[in-house]
Amino acid sequence: AGPADAERVPSLRDRPGNWPPGLDVVALRLPRRSMAELGPLSGRWLCIAVVVRHPLVDTGPNSSTPWQGCPCSLAIAGGRLLCAADLGDLAGTAAGSAGAALDGGGDARTPAMLLCDVVVVDVLKVTSKKQAPEVLVFYLRGTPGGEDQPGLVLHFRAGPEAVQAFVRRLRTAYPIAPSKPAGGAGAEEVLGEASAAVRE
């Protein structure tokens, strides 16, 4: 990877990039799950959560979000889209142990904080941009601030190939094509029959 690739990777922090720095994340008491409940590591995607719009967090406009976020795991289990942050990873990131936070998804017994838990059919649109093929933008039903706002923006740590694998899995869980692309100029819808592949 060259310098340009490194610049595209969000810097790590102990919370999503759009969550305020003074927020006591632990005090939010978001639902906890073990990493095992997200399924085996082979069925999870390791990401960095840049944007998570959550009803318990006043995040403000996404336009002011810095390009940073927390390590998280993305999974589809029981018909639900789950995005969870390993609490050990968050503690390591807060302490400056970035390497430990990126070591592969955490121990199966480790508690994880659910950043997002939605029924798959509530995923309205998923878009990407050609200049950032390792990033997916999710539009979700019931997103605080309006469904035209991204509910999730995730950087896939394994790159565009992981994005393609995830989209294939999501299509099998939700084969109905969403309506139309969203996300501004250059956005490409990657979920549904409107797109035969994530990227040419």
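This structure is a prediction, so every number in the text was calculated from the model and none was measured.

What counts and what doesn't
- Residues numbered from 1 in each chain as written.
- Predicted model: local features only at pLDDT ≥ 70, side-chain atom pairs only at ≥ 80, totals over all residues.
- Heavy atoms only, no water.
- Helix = DSSP H or I, 4+ residues; strand = E, 2+ residues; numbered from the N terminus.
- Buried < 20%, exposed > 50% of the residue type's maximum accessible area, 1.4 Å probe, protein only.
- Contact = heavy atoms within 4.5 Å.
- Areas by Shrake-Rupley, 256 points an atom, 1.4 Å probe, with all protein chains shown as cover.
- Core = buried A, V, L, I, M, F, W, Y, C linked by side-chain atoms within 4.5 Å.
- Expected span 1.5 Å × (residues − 1).
- 1 Å grid on protein atoms, 1.4 Å probe; cavity = no way out; pocket = protein on both sides within 12 Å on 5 of 7 lines; lining within 4 Å.
- Points joined across faces, edges and corners; volume = space filled by probe spheres on them.
- Nonpolar A, V, L, I, M, F, W, Y, C, P; charged D, E, K, R; others polar.
- Phe/Tyr/Trp six-rings, centres within 6.5 Å; stacked < 30°, edge-to-face > 60°.
- pLDDT = per-residue confidence, 0-100.

### Some thoughts on the overall build of the chain
Then step 1. Of regular secondary structure, the chain possesses 4 helices and 10 strands.
Then step 2. The helix and strand sequence of the chain, counted from the amino end, reads α-β-β-β-β-β-α-α-β-β-β-β-α-β.
Then step 3. In the chain, which comprises 200 residues, the share counted as buried stands at 47%.
Then step 4. Taking as baseline every contact in the chain between residues at least 6 positions apart, the subset at least 24 positions apart corresponds to 67%.
Then step 5. Carbon and sulfur atoms form 56% of the exposed surface of the chain, whose accessible area is close to 9300 Å².

### Quick look at the nonpolar core
Then step 1. Counting residues in each nonpolar core, the largest one holds 36 residues, and the members touching the most others are Leu74, Leu81, Leu115, Phe138, Leu154, Phe156 and Phe166.
Then step 2. Of all the elements in the fold, those that place two or more residues in this core are strand S3 (45–52), strand S4 (68–77), strand S5 (80–86), strand S6 (111–119), strand S7 (123–129), strand S8 (132–140), strand S9 (152–156) and helix H4 (160–173).
Then step 3. The element that contributes the greatest number of residues to this core is H4, accounting for 5 residues.
Then step 4. Contacts of leucine 74, omitting those with residues within four sequence positions, involve Gly43, Arg44, Trp45, Cys47, Leu81, Leu82, Cys83, Phe138, Leu154, Phe156 and Phe166.

### Points about H4
Then step 1. With 14 residues, H4 should cover 20 Å at 1.5 Å per step; its first-to-last C-alpha distance of 20 Å lies within 8% of that length.
Then step 2. Inspection of H4 places Ala162, Val163, Phe166, Val167, Leu170 and Arg171 among the buried residues, and these make up the whole buried set.
Then step 3. Buried residues belonging to H4 abut S3, S4, S5, S7, S8 and S9.

### Observations regarding the layout of surface pockets
Then step 1. Taken as a whole, the second largest pocket encloses approximately 250 Å³ of empty space.
Then step 2. Lining the second largest pocket we find 17 residues, and of these Arg53, His54, Pro55, Asp117 and Val118 sit closest to its centre.
Then step 3. For the lining of the second largest pocket, the element with the highest residue contribution is S6, accounting for 5 residues.
Then step 4. Tallied by class, the residues present in the lining of the second largest pocket amount to 10 nonpolar, 4 polar and 3 charged.

### Brief notes about the packing of aromatic side chains
Then step 1. Overall, the coordinates contain 3 aromatic pairs when judged by the stated rule.
Then step 2. Both rings, one in tryptophan 45 and one in phenylalanine 166, keep their centres 5.2 Å apart while their planes meet at 80°; by these two values the pair is edge-to-face. Placement of tryptophan 45 in strand S3 and of phenylalanine 166 in helix H4 is noted, with a sequence separation of 121 residues between them. Phenylalanine 166 carries the same exposure label as tryptophan 45, and that label is buried.

### Observations concerning the confidence of the model for the chain
Then step 1. For the chain, mean pLDDT is 79; residues scoring 70 or higher make up 72% of the total.
Then step 2. The secondary-structure element of the chain with the lowest mean pLDDT is helix H3 (residues 98–101), recorded at 47, while S9 shows the highest, at 97.
Then step 3. Contacts of residues 176–185 to residues separated by more than four positions or lying in other chains number 20 contacts, the stretch itself having pLDDT below 50.
Then step 4. Considering only residues more than four positions removed or in separate chains, one finds that residues 192–200, a stretch of pLDDT under 50, has 24 contacts.

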